[in-house]
Amino acid sequence: MLEQIDHRGKRFTIEDDIDDKRRIERRRRAVALERQAQRELRELERAKAVAGPAGMNPDVEVLD
């Protein structure tokens, strides 16, 4: 926390901790979202590997 005096002589404080906490929280959320995106990409790749390439076997019908 920094204590300052403005041009009128009034004292005010600047709290650095709040900005640091917000920045840390934003970073944590960004990291968590990146991990989630990577998990989803891996799941998609696994699903594609299990399903195989689409349209390669014309004898297989897709059922609804």
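Here the structure is a predicted model, which is why all the values come from computation and not from measurement.

Parameters and conventions
- Residues numbered from 1 in each chain as written.
- Predicted model: local features only at pLDDT ≥ 70, side-chain atom pairs only at ≥ 80, totals over all residues.
- Heavy atoms only, no water.
- Helix = DSSP H or I, 4+ residues; strand = E, 2+ residues; numbered from the N terminus.
- Buried < 20%, exposed > 50% of the residue type's maximum accessible area, 1.4 Å probe, protein only.
- Patch = residues over 30% accessible without salt bridge, like charges linked within 9 Å, V, L, I, M, F, W, Y side chains within 5 Å.
- Areas by Shrake-Rupley, 256 points an atom, 1.4 Å probe, with all protein chains shown as cover.
- Salt bridge = Lys/Arg side-chain N within 4 Å of Asp/Glu carboxyl O.
- Lys, Arg positive; Asp, Glu negative; His and termini not counted.
- Charge placed at Lys NZ, Arg CZ, Asp CG, Glu CD.
- pLDDT = per-residue confidence, 0-100.

## As for the overall build of the protein
Each helix and strand in the protein was counted, giving one helix and two strands. When the elements of the protein are put in sequence order from the N terminus, they spell out β-β-α. Here the protein, with 64 residues, has 2% of them falling under the buried criterion.

## Re a positive patch on the surface
Taken together, the side chains of Arg-35, Arg-39, Arg-42 and Arg-46 define a basic patch exposed on the protein surface. Mapped onto the elements of the fold, Arg-39 is located in helix 1 (residues 16-51). We classify Arg-39 as partly exposed; its relative accessible area is 42%.

## A few points about the confidence of the model for the protein
Considering every residue of the protein, the mean pLDDT works out to 79; 73% of them sit at 70 or more. Across the protein, helix 1 holds the top mean pLDDT of 87, while strand 1 (residues 2-5) sits lowest at 76.

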